[in-house]
Amino acid sequence: MEILITGVGGFIGSALAKKFINKGFNVVGIDNLNSYYDVNLKLDRLKDIESSTSTTNKNWEFIKCDLINRKEISLIFKKFKPKVVINLAAQAGVRFSIKNPHSYIQSNILGFSNVLDSCLEIGVENFIYASSSSVYGGNTKLPFKEEQSVDHPLSLYAATKKANELIAHSYSHIYKIPSIGLRFFTVYGPWGRPDMAPMIFTKSILKKEPIKIYNYGKMKRDFTYIDDIVEGIFLCSFKPATSNKNFDSLSPDPSTSFAPYRLFNIGNTKSINLLDFVEMLEKELNIKAIKNLEEIQPGDVVDTNSDTQKLEEWIDYAPSTSLEKGVKRFIDWYLNYYKN
(Lines give C-alpha, C1' and ligand atoms only; values in the text may rest on other atoms or scores of the structure.)
Protein backbone atom coordinates (compact mmCIF):
# COMPACT_ATOMS: atom_id res chain seq x y z
CA MET A 1 0.00 0.00 0.00
CA GLU A 2 1.30 3.42 -0.98
CA ILE A 3 1.43 6.03 1.81
CA LEU A 4 1.96 9.66 0.87
CA ILE A 5 3.24 12.04 3.55
CA THR A 6 3.52 15.78 3.01
CA GLY A 7 5.96 17.72 5.19
CA VAL A 8 8.18 14.64 5.33
CA GLY A 9 11.28 16.71 6.07
CA GLY A 10 9.58 18.01 9.19
CA PHE A 11 9.76 16.79 12.77
CA ILE A 12 6.64 14.61 12.76
CA GLY A 13 6.70 13.73 9.07
CA SER A 14 10.20 12.23 9.11
CA ALA A 15 9.50 10.16 12.23
CA LEU A 16 6.26 8.88 10.71
CA ALA A 17 7.95 7.96 7.44
CA LYS A 18 10.47 5.81 9.32
CA LYS A 19 7.64 4.04 11.13
CA PHE A 20 5.82 3.14 7.91
CA ILE A 21 8.96 2.08 6.06
CA ASN A 22 10.07 -0.18 8.88
CA LYS A 23 6.63 -1.77 8.85
CA GLY A 24 7.06 -2.61 5.16
CA PHE A 25 4.93 0.08 3.53
CA ASN A 26 5.82 2.07 0.43
CA VAL A 27 6.22 5.74 1.31
CA VAL A 28 6.28 8.79 -0.93
CA GLY A 29 7.41 11.92 0.89
CA ILE A 30 6.87 15.52 -0.22
CA ASP A 31 8.47 18.63 1.26
CA ASN A 32 9.43 22.06 -0.07
CA LEU A 33 12.33 22.30 2.41
CA ASN A 34 11.63 25.97 3.10
CA SER A 35 13.92 28.13 5.20
CA TYR A 36 11.53 28.88 8.08
CA TYR A 37 14.18 27.12 10.18
CA ASP A 38 17.51 25.40 9.49
CA VAL A 39 17.24 23.51 6.19
CA ASN A 40 20.24 21.36 7.18
CA LEU A 41 18.19 19.87 10.01
CA LYS A 42 15.49 18.91 7.52
CA LEU A 43 18.06 17.38 5.17
CA ASP A 44 19.58 15.44 8.06
CA ARG A 45 16.14 14.09 8.96
CA LEU A 46 15.80 12.81 5.40
CA LYS A 47 19.25 11.20 5.65
CA ASP A 48 18.16 9.62 8.93
CA ILE A 49 15.16 8.05 7.20
CA GLU A 50 17.50 6.32 4.78
CA SER A 51 20.18 5.34 7.31
CA SER A 52 17.91 4.04 10.08
CA THR A 53 15.35 2.12 8.04
CA SER A 54 15.34 -0.88 5.75
CA THR A 55 14.58 1.47 2.89
CA THR A 56 15.09 0.41 -0.70
CA ASN A 57 14.61 2.21 -3.98
CA LYS A 58 11.18 0.59 -4.13
CA ASN A 59 9.69 1.54 -0.77
CA TRP A 60 10.88 5.13 -0.26
CA GLU A 61 10.89 8.13 -2.55
CA PHE A 62 11.36 11.79 -1.69
CA ILE A 63 10.12 14.59 -3.95
CA LYS A 64 10.89 18.23 -3.36
CA CYS A 65 7.70 20.10 -4.12
CA ASP A 66 5.61 22.96 -2.75
CA LEU A 67 1.93 22.26 -2.06
CA ILE A 68 0.93 25.53 -3.69
CA ASN A 69 2.06 24.06 -7.03
CA ARG A 70 -1.26 22.43 -7.83
CA LYS A 71 -0.21 20.94 -11.17
CA GLU A 72 2.87 19.21 -9.78
CA ILE A 73 1.00 17.89 -6.73
CA SER A 74 -1.69 16.46 -8.99
CA LEU A 75 0.93 14.70 -11.15
CA ILE A 76 2.58 13.16 -8.06
CA PHE A 77 -0.74 11.81 -6.81
CA LYS A 78 -1.64 10.36 -10.22
CA LYS A 79 1.77 8.72 -10.57
CA PHE A 80 1.84 6.98 -7.16
CA LYS A 81 -1.90 6.61 -6.46
CA PRO A 82 -1.57 6.53 -2.66
CA LYS A 83 -4.32 4.84 -0.66
CA VAL A 84 -3.54 6.89 2.45
CA VAL A 85 -2.52 10.57 2.44
CA ILE A 86 -1.18 12.21 5.59
CA ASN A 87 -0.90 15.98 5.29
CA LEU A 88 1.63 17.33 7.80
CA ALA A 89 3.00 20.14 5.64
CA ALA A 90 2.18 23.61 6.89
CA GLN A 91 3.71 26.94 7.69
CA ALA A 92 4.21 26.47 11.42
CA GLY A 93 4.70 28.87 14.31
CA VAL A 94 2.27 31.09 16.20
CA ARG A 95 4.41 34.22 16.50
CA PHE A 96 5.70 34.03 12.93
CA SER A 97 2.09 34.18 11.71
CA ILE A 98 1.68 37.63 13.26
CA LYS A 99 4.48 39.08 11.14
CA ASN A 100 4.09 36.95 8.01
CA PRO A 101 0.39 36.20 7.53
CA HIS A 102 0.61 35.73 3.75
CA SER A 103 2.78 32.61 4.00
CA TYR A 104 0.14 30.96 6.20
CA ILE A 105 -2.66 31.63 3.74
CA GLN A 106 -0.54 30.22 0.92
CA SER A 107 0.69 27.05 2.63
CA ASN A 108 -2.06 26.26 5.12
CA ILE A 109 -5.09 27.19 3.05
CA LEU A 110 -4.16 27.06 -0.64
CA GLY A 111 -1.70 24.18 -0.22
CA PHE A 112 -4.18 22.24 1.91
CA SER A 113 -6.91 22.67 -0.71
CA ASN A 114 -4.56 21.48 -3.46
CA VAL A 115 -3.87 18.29 -1.51
CA LEU A 116 -7.59 17.65 -1.05
CA ASP A 117 -8.25 18.25 -4.75
CA SER A 118 -5.60 15.67 -5.60
CA CYS A 119 -7.11 13.23 -3.10
CA LEU A 120 -10.40 13.65 -4.89
CA GLU A 121 -8.85 13.09 -8.33
CA ILE A 122 -7.50 9.64 -7.45
CA GLY A 123 -10.08 8.52 -4.89
CA VAL A 124 -7.93 8.39 -1.74
CA GLU A 125 -9.28 5.94 0.83
CA ASN A 126 -8.08 7.74 3.96
CA PHE A 127 -7.03 11.36 4.48
CA ILE A 128 -5.37 12.40 7.74
CA TYR A 129 -4.18 15.93 8.44
CA ALA A 130 -2.46 17.93 11.14
CA SER A 131 -4.60 20.31 13.11
CA SER A 132 -3.38 21.88 16.35
CA SER A 133 -4.24 22.47 19.99
CA SER A 134 -3.92 26.15 19.04
CA VAL A 135 -7.48 26.04 17.67
CA TYR A 136 -8.79 26.09 21.25
CA GLY A 137 -7.60 29.68 21.44
CA GLY A 138 -9.57 31.63 24.02
CA ASN A 139 -10.99 28.54 25.73
CA THR A 140 -10.06 28.28 29.41
CA LYS A 141 -12.07 25.21 30.41
CA LEU A 142 -9.61 22.34 30.84
CA PRO A 143 -8.92 19.74 29.69
CA PHE A 144 -9.69 20.69 26.11
CA LYS A 145 -12.32 18.45 24.54
CA GLU A 146 -13.19 18.12 20.87
CA GLU A 147 -16.82 19.10 21.40
CA GLN A 148 -15.79 22.57 22.65
CA SER A 149 -16.24 25.61 20.44
CA VAL A 150 -13.08 26.71 18.65
CA ASP A 151 -14.39 29.96 17.23
CA HIS A 152 -12.00 32.29 19.05
CA PRO A 153 -8.46 31.68 17.71
CA LEU A 154 -5.67 33.82 19.16
CA SER A 155 -3.42 33.70 16.09
CA LEU A 156 -3.68 33.45 12.33
CA TYR A 157 -1.89 30.10 12.56
CA ALA A 158 -4.73 28.78 14.73
CA ALA A 159 -7.29 30.28 12.37
CA THR A 160 -5.76 28.44 9.38
CA LYS A 161 -5.91 25.16 11.30
CA LYS A 162 -9.57 25.73 12.10
CA ALA A 163 -10.10 26.54 8.43
CA ASN A 164 -8.47 23.21 7.51
CA GLU A 165 -11.01 21.40 9.67
CA LEU A 166 -13.89 23.19 7.95
CA ILE A 167 -12.52 22.63 4.44
CA ALA A 168 -11.94 18.93 5.19
CA HIS A 169 -15.52 18.59 6.41
CA SER A 170 -16.91 20.08 3.22
CA TYR A 171 -14.87 17.62 1.11
CA SER A 172 -15.96 14.75 3.34
CA HIS A 173 -19.60 15.74 2.95
CA ILE A 174 -19.68 16.55 -0.75
CA TYR A 175 -17.11 14.09 -2.11
CA LYS A 176 -17.17 11.40 0.62
CA ILE A 177 -13.42 11.66 1.30
CA PRO A 178 -12.87 10.09 4.75
CA SER A 179 -10.91 12.64 6.78
CA ILE A 180 -9.39 12.64 10.26
CA GLY A 181 -8.01 15.84 11.79
CA LEU A 182 -5.54 15.40 14.65
CA ARG A 183 -5.09 18.26 17.07
CA PHE A 184 -1.46 17.94 18.17
CA PHE A 185 -0.44 19.11 21.63
CA THR A 186 3.15 20.48 21.94
CA VAL A 187 5.19 17.72 20.34
CA TYR A 188 8.79 17.28 21.52
CA GLY A 189 11.62 14.76 21.22
CA PRO A 190 14.63 13.89 19.04
CA TRP A 191 14.82 15.78 15.73
CA GLY A 192 12.47 18.45 17.12
CA ARG A 193 11.81 21.90 15.72
CA PRO A 194 14.36 24.61 16.65
CA ASP A 195 11.61 27.22 17.05
CA MET A 196 9.89 25.34 19.88
CA ALA A 197 10.54 25.68 23.61
CA PRO A 198 12.48 22.44 24.27
CA MET A 199 15.08 23.27 21.60
CA ILE A 200 15.22 26.99 22.41
CA PHE A 201 15.59 26.38 26.15
CA THR A 202 18.21 23.64 25.75
CA LYS A 203 20.35 25.69 23.40
CA SER A 204 20.28 28.71 25.73
CA ILE A 205 20.99 26.68 28.87
CA LEU A 206 24.05 25.07 27.27
CA LYS A 207 25.31 28.48 26.13
CA LYS A 208 24.53 29.94 29.57
CA GLU A 209 22.31 32.53 27.93
CA PRO A 210 19.02 33.78 29.44
CA ILE A 211 15.81 32.04 28.40
CA LYS A 212 12.56 33.94 28.07
CA ILE A 213 9.60 32.50 29.93
CA TYR A 214 6.43 34.37 29.09
CA ASN A 215 3.44 35.34 31.22
CA TYR A 216 5.91 35.60 34.10
CA GLY A 217 6.18 31.84 34.32
CA LYS A 218 2.45 31.18 34.48
CA MET A 219 2.36 29.03 31.35
CA LYS A 220 1.51 25.34 31.13
CA ARG A 221 1.84 22.94 28.24
CA ASP A 222 0.75 19.39 27.44
CA PHE A 223 4.11 18.13 26.16
CA THR A 224 3.65 15.02 24.01
CA TYR A 225 6.55 12.76 23.01
CA ILE A 226 7.10 12.22 19.30
CA ASP A 227 6.75 8.41 19.43
CA ASP A 228 3.29 8.72 20.98
CA ILE A 229 2.22 11.13 18.24
CA VAL A 230 3.55 8.85 15.50
CA GLU A 231 1.80 5.81 16.96
CA GLY A 232 -1.52 7.66 17.00
CA ILE A 233 -1.21 8.72 13.36
CA PHE A 234 -0.08 5.24 12.34
CA LEU A 235 -3.10 3.57 13.94
CA CYS A 236 -5.50 6.11 12.40
CA SER A 237 -4.11 5.19 8.99
CA PHE A 238 -5.86 1.83 9.22
CA LYS A 239 -9.22 3.14 10.40
CA PRO A 240 -10.65 5.78 8.06
CA ALA A 241 -13.34 8.12 9.34
CA THR A 242 -16.94 6.96 8.95
CA SER A 243 -20.21 8.81 9.13
CA ASN A 244 -21.85 8.94 12.54
CA LYS A 245 -25.29 7.41 12.08
CA ASN A 246 -26.32 8.78 15.47
CA PHE A 247 -25.24 12.35 14.69
CA ASP A 248 -27.62 14.82 16.34
CA SER A 249 -28.11 17.84 14.06
CA LEU A 250 -30.10 19.59 16.80
CA SER A 251 -27.12 19.42 19.13
CA PRO A 252 -24.13 18.88 16.82
CA ASP A 253 -20.81 17.60 18.13
CA PRO A 254 -18.02 19.34 16.12
CA SER A 255 -15.76 16.28 16.40
CA THR A 256 -18.01 14.01 14.36
CA SER A 257 -20.52 14.30 11.53
CA PHE A 258 -23.08 12.80 9.21
CA ALA A 259 -20.13 12.85 6.78
CA PRO A 260 -17.10 10.50 7.04
CA TYR A 261 -15.26 12.96 9.26
CA ARG A 262 -13.57 12.92 12.68
CA LEU A 263 -11.55 15.28 14.87
CA PHE A 264 -9.32 13.99 17.66
CA ASN A 265 -7.04 15.45 20.28
CA ILE A 266 -3.69 13.71 20.44
CA GLY A 267 -1.67 14.64 23.50
CA ASN A 268 -0.07 13.44 26.70
CA THR A 269 -3.15 14.36 28.82
CA LYS A 270 -0.89 15.94 31.45
CA SER A 271 -0.04 19.64 31.65
CA ILE A 272 3.19 20.94 33.19
CA ASN A 273 4.29 24.45 34.12
CA LEU A 274 7.08 25.72 31.88
CA LEU A 275 9.24 26.49 34.91
CA ASP A 276 8.96 22.84 35.96
CA PHE A 277 9.81 21.74 32.44
CA VAL A 278 12.92 23.92 32.53
CA GLU A 279 13.90 22.22 35.81
CA MET A 280 13.74 18.86 34.05
CA LEU A 281 16.06 20.16 31.33
CA GLU A 282 18.41 21.56 33.99
CA LYS A 283 18.55 18.16 35.69
CA GLU A 284 19.43 16.30 32.50
CA LEU A 285 21.99 18.93 31.43
CA ASN A 286 23.33 19.46 34.96
CA ILE A 287 23.33 23.21 34.30
CA LYS A 288 21.17 25.90 35.91
CA ALA A 289 19.18 28.06 33.53
CA ILE A 290 19.17 31.84 33.58
CA LYS A 291 15.49 32.72 33.50
CA ASN A 292 13.95 35.99 32.34
CA LEU A 293 10.26 36.21 33.19
CA GLU A 294 8.40 38.37 30.66
CA GLU A 295 4.86 39.38 29.75
CA ILE A 296 2.73 37.13 27.58
CA GLN A 297 3.23 37.40 23.83
CA PRO A 298 0.45 38.07 21.30
CA GLY A 299 -1.13 34.82 20.12
CA ASP A 300 0.01 32.74 23.11
CA VAL A 301 -2.36 30.38 24.92
CA VAL A 302 -1.74 30.29 28.68
CA ASP A 303 -2.55 26.64 29.33
CA THR A 304 -3.08 23.53 27.20
CA ASN A 305 -4.28 20.15 28.40
CA SER A 306 -5.74 17.40 26.23
CA ASP A 307 -8.61 15.03 26.75
CA THR A 308 -7.88 12.09 24.43
CA GLN A 309 -10.79 9.82 25.31
CA LYS A 310 -12.29 9.98 21.82
CA LEU A 311 -9.02 8.89 20.20
CA GLU A 312 -8.62 6.10 22.77
CA GLU A 313 -12.09 4.83 21.87
CA TRP A 314 -11.38 5.10 18.13
CA ILE A 315 -8.04 3.25 17.92
CA ASP A 316 -7.41 1.92 21.44
CA TYR A 317 -4.65 4.51 21.82
CA ALA A 318 -3.04 6.03 24.89
CA PRO A 319 0.28 7.91 25.25
CA SER A 320 2.92 5.74 26.94
CA THR A 321 6.03 7.92 27.29
CA SER A 322 6.51 9.72 30.60
CA LEU A 323 7.81 13.27 30.48
CA GLU A 324 10.91 12.21 32.45
CA LYS A 325 11.77 9.49 29.94
CA GLY A 326 10.95 11.68 26.95
CA VAL A 327 13.09 14.61 28.15
CA LYS A 328 16.04 12.28 28.74
CA ARG A 329 15.77 10.85 25.22
CA PHE A 330 15.49 14.34 23.78
CA ILE A 331 18.58 15.63 25.64
CA ASP A 332 20.61 12.55 24.71
CA TRP A 333 19.78 13.16 21.05
CA TYR A 334 20.44 16.91 21.28
CA LEU A 335 23.89 16.49 22.83
CA ASN A 336 24.83 13.90 20.24
CA TYR A 337 23.46 15.78 17.23
CA TYR A 338 24.92 19.15 18.13
CA LYS A 339 28.09 17.55 19.60
CA ASN A 340 27.85 19.34 22.94
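Scope of this entry: the structure provided in the associated data block. As the structure is a prediction and not an experimental result, all values here were calculated from the model. (Residues numbered from 1 in each chain as written. Predicted model: local features only at pLDDT ≥ 70, side-chain atom pairs only at ≥ 80, totals over all residues. Heavy atoms only, no water.)

1. Quick word on the side chain of Thr6
Counting through the fold element by element, Thr6 comes out in strand β1 (residues 2–6). In this structure the side chain of Thr6 is engaged in a polar contact, spanning 2.7 Å, whose partner is the side chain of Asn87. At 3.1 Å, the side chain of Thr6 and the backbone nitrogen of Ala89 are in polar contact. Beyond its immediate stretch of four places on either side in the chain, Thr6 contacts Ile30, Leu67, Ile86, Asn87, Leu88, Ala89 and Val115. (Helix = DSSP H or I, 4+ residues; strand = E, 2+ residues; numbered from the N terminus. Polar contact = N/O pair within 3.5 Å; in protein donor to acceptor, adjacent residues only side chain to side chain. Contact = heavy atoms within 4.5 Å.)

2. A word on the nonpolar core
One finds Ile5, Phe20, Ile86, Leu182, Phe184 and Ile233 to be the most contacted residues of the largest nonpolar core, which totals 65 residues. No other element matches helix α1 (residues 11–22), which puts seven residues into this core. Apart from the residues within four sequence positions on either side, Leu182 is in contact with Ile128, Tyr129, Ala130, Ser131, Ser132, Ile233, Cys236, Phe264, Ile266 and Leu311. Membership of the second largest hydrophobic core comes to 26 residues, among which are Cys65, Tyr171, Ile177 and Ala259. (Core = buried A, V, L, I, M, F, W, Y, C linked by side-chain atoms within 4.5 Å. Buried < 20%, exposed > 50% of the residue type's maximum accessible area, 1.4 Å probe, protein only.)

3. Regarding helix α11 (residues 323–337)
Helix length check: α11 (15 residues) gives 21 Å between terminal C-alpha atoms against 21 Å at 1.5 Å per residue, within 8%. Turning to α11, its buried residues are Leu323, Gly326, Val327, Phe330, Ile331, Trp333 and Tyr334. Relative to the axis of α11, the buried residues are bounded by an arc of 165 degrees and lie together on one face. Contact partners of the buried residues in α11: α2 (39–51), β7 (187–188), α7 (197–206), β10 (224–225), β12 (272–273) and α9 (274–285). Positioned one or two residues after α11, Lys339 has a phi angle of 55 degrees, which is positive. (Expected span 1.5 Å × (residues − 1). Arc of directions from axis to C-beta.)

4. What to know about the packing of aromatic side chains
Using the criterion set out here, one finds 31 aromatic pairs in the structure. Between the aromatic rings of Phe25 and Phe238, the centroid separation amounts to 5.6 Å while the plane-to-plane angle is 45 degrees, which identifies the pairing as tilted. With Phe25 in the loop between α1 and β2 (26–31) and Phe238 in the loop between α8 (226–236) and β11 (261–266), this residue pair connects regions lying 213 residues apart in the sequence. With a relative accessible area of 41%, Phe238 lands in the partly exposed category. The rings of Trp191, Phe330, Trp333, Tyr334, Tyr337 and Tyr338 are connected pair by pair, giving a single aromatic cluster. The residue whose ring lies beneath Lys19 is Phe234, and the NZ or CZ to ring-centre distance is 5.0 Å. Note that Lys42 overlies the ring of Tyr37, its terminal NZ or CZ placed 4.6 Å from the centroid. (Phe/Tyr/Trp six-rings, centres within 6.5 Å; stacked < 30°, edge-to-face > 60°. Lys NZ or Arg CZ within 6 Å of the ring centre and 35° of its normal.)

5. Section: unusual backbone geometry
The amide bond that connects Leu142 to the next residue, Pro143, takes the cis arrangement and shows omega of -5 degrees. Within the element layout of this structure, Pro143 appears in the loop between β5 (126–132) and α6 (156–175). The backbone phi angle of Tyr216 is positive, close to 55 degrees, even though this residue is not glycine. Residue position: Tyr216 is located in the loop between β8 (210–214) and β9 (220–221). We note that Asn286 has phi near 60 degrees; this positive angle belongs to a residue other than glycine. Inspection of the secondary structure puts Asn286 in the loop between α9 and β13 (290–294).

On their own, these measurements won't tell you what the molecule is for.
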